[in-house]
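Chain residues, written in single-letter form:
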Amino acid sequence: MQEHLSYKWNIIKYDEKSFSEDIEDILLKRFNWDFNSNSSLDDLHNPYLLCGMRDAVERIKKAKEFWQKVMIFGDYDVDWVTSTSILMHFFKKVWILASYRLPHRIDDWYGIKSYFIDEFSSIWVDLVITVDCWTRDTEVVKYAKSKGIDVIITDHHTVPDIIPDEAIALINPKRGDCVYPFKHLSGAWVAFKLMSALAEEFLDKKEIKKYIEETIDITAIGTVADCMLLVWENRIIVEAWLKQIKKSRSRWIRKLIEQKIHDDLDSDIFSYLIWPKLNAAWRMDTPYKAINLILNNSDSVEETIQEIELLNDNRKQLTFDFFEKALENINSEDNIIFYDSKDITHWIIWIVAWKLTEKFYRPSIVLKEESDRYIASCRSPDYFSIVDILEKYQDYFLRYGWHKQAAWFSIAKERYDDFKNEILKDVNSLDFKDQKKSISVDKIVSMNELGFNFLEKVNIFKPFWLWNTKPVFMVKDLDYQRIVYLWQWIDHIKFETKYWFKIIAFWMGQFMDKIKSSSDISIIFELNLDNYNWNKNLQLNIIDII
Ligand SMILES: [Mn+2]
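Chemist: Kindly report on the pattern of salt bridges, identifying the contributing residues and their values.
Modeler: Under the definition given, this model contains 28 salt bridges. Linking Glu139 and Lys142 is a salt bridge whose minimum nitrogen-to-oxygen distance equals 3.6 Å. One end of the pair, Glu139, and the other, Lys142, are both in helix H5 (residues 138-146), 3 residues apart, so they sit about a helical turn from each other. A relative accessible area of 57% places Glu139 in the exposed class. Lys142 gets classed as partly exposed once you look at its relative accessible area, which sits at 41%. Ionic pairing is found between Asp299 and Arg251, a salt bridge with its closest N-O pair at 2.7 Å.

Shown next, in the form of structure tokens:
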């Protein structure tokens, strides 16, 4: 009988034919886009292909000419923090009077409030430039106009059919009338495009090139953090950034990655080194700290780094604790997993919901009790639409909103039990038994095939991230001599074979006896370069064992 050791999936999808195919052909086929491994920063599209760019540039030139006050406004996540930093740094460089305003996670919640406009009006702001938001907030733009404040919107969220025309310009690649060829730009990208159009007005040619090269790191961080597909322009900047990472203009980036640079850098460096720290700033404290980290190049940035690392450690601990608590209190037999708590921190509910859905491959609803109501965050796996089911019960909710696989709502306390009972009864009557998570193997390989040559062919497609994900391989009937624990840690195990490369299964130590007593072991893994102690070696990182 086949058994999967990883809890994450129960089905492995692979094509037997892949055994005889070349890895380059397989990977090329996987990308449903015109792959060009030689593209460079020179291939970035002209910012003027974005609708509204000329109007925006002319208005900002006027602001500079008349010393008008410019206010940058956005959201508080990483895409926004990076977008703001891009414009702020540039405005300072070319002597435009600019400042920025950050909403607070709890006090200001989501979305624009007219009191921001009153605030701007009271300090004589002439022009508001939004980053990563306001495409749909027509009312507030109208309100600003009535107060004599012009608005330029830069954003990448979906655009309504009828484009609001209250703003000086609405720069958004998703506009139906926008000819810009690439639609997957992040908010930071759109800010970068505005900056590069302005650079042509205010800087000389040589300076532009240097300035653009220096700004790609921040743009790349916003792009990866906002989960943009890593193709075309997105891939170009992330690749360029990884190549010049040591020379980053930002002191904090240089500091954070100092000891972590090696030959096999990939986009995951963002997710484990950089953006959790920017996120920790706004989740645990204020997003001003994150901006301070990006824009501050003086000695005092060291202090901010220390502060943020501490916030990040606390964030990790909190998340871990609440997830453990949730695991103790849920009924995992239900088709929809409920967890409600009084003490859970507000921003953690979505992480716990996400982790529950990951672990059980079931929809989940996590709620925080607050005075007279519950605030809920919901997730669902790909086979089930949480939105469809919630829509049936929307009369229960005070407020709600959703995308495809995620949703949130608030509900009055006295109605919660009825809602919970009804939806549980409803969803439990569905048959989820056969819903299994699957992983796709890109190629079945033989141990003889693997080596530096093979890795080099794979790495042409780097950096890997969404869409362009890291390839997954499988060796059937692994021929190994013995398995041991990795050094003294019983958490990880190591397969010893007659081949020179390392085969490691992290966090699978608990399965030692099971593996020892099984014949026919197949491994599913990713390929990495390991250069521990400067010895380059190939490392097979196991993600599942069958
Ligand atoms: Mn964004």
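Okay, back to it.
Chemist: So what's going on with the pairing of strand S3 (residues 98-101)? Which residues, and what values?
Modeler: In this sheet, S3 lies alongside strand S2 (residues 70-73) in parallel orientation, the contact comprising 4 bridges. The residue bridging Ile72 from the neighbouring strand is Tyr100, located in S3. A crossover links S2 with its parallel partner S3, the connecting element being helix H3 (residues 78-93), and its sense is right-handed.

Chemist: Lay out the coordination of the manganese ion with the relevant residues and their values.
Modeler: Those protein atoms acting as donors to the manganese ion are Asp79 (OD), Asp132 (OD), His156 (NE2) and Asp226 (OD), and they sit at 2.1 to 2.3 Å. As a motif over one chain, the donors of the manganese ion read D-x52-D-x23-H-x69-D. In this pair, Asp79 is assigned in helix H3 and His156 in the loop between strand S5 (150-154) and strand S6 (169-171), connecting sequence segments 77 residues apart. Pair check on accessibility: Asp79 and His156 agree, each one buried.

Chemist: Explain unusual backbone geometry to me, using residue names and the numbers behind them.
Modeler: Working note: non-glycine residues mostly have negative phi, and peptide bonds are mostly trans. With an omega dihedral of -5°, the bond running from Lys462 to Pro463 counts as a cis peptide bond. As for its placement among the helices and strands, Pro463 is situated in the loop between helix H16 (452-459) and strand S14 (473-475). Positive phi, normally seen in glycine, also occurs at Trp124, with a value near 60°. Following the sequence through the fold, Trp124 ends up in the loop between helix H4 (114-122) and strand S4 (127-131).

What counts, and where the lines are drawn
- Residues numbered from 1 in each chain as written.
- Predicted model: local features only at pLDDT ≥ 70, side-chain atom pairs only at ≥ 80, totals over all residues.
- Heavy atoms only, no water.
- Salt bridge = Lys/Arg side-chain N within 4 Å of Asp/Glu carboxyl O.
- Helix = DSSP H or I, 4+ residues; strand = E, 2+ residues; numbered from the N terminus.
- Buried < 20%, exposed > 50% of the residue type's maximum accessible area, 1.4 Å probe, protein only.
- Pairing = 2+ DSSP bridges.
- Right-handed = clockwise from strand over helix to strand, strands pointing away.
- Donors = N, O, S within 2.8 Å, 3.2 Å for Na, K, Ca; no water.

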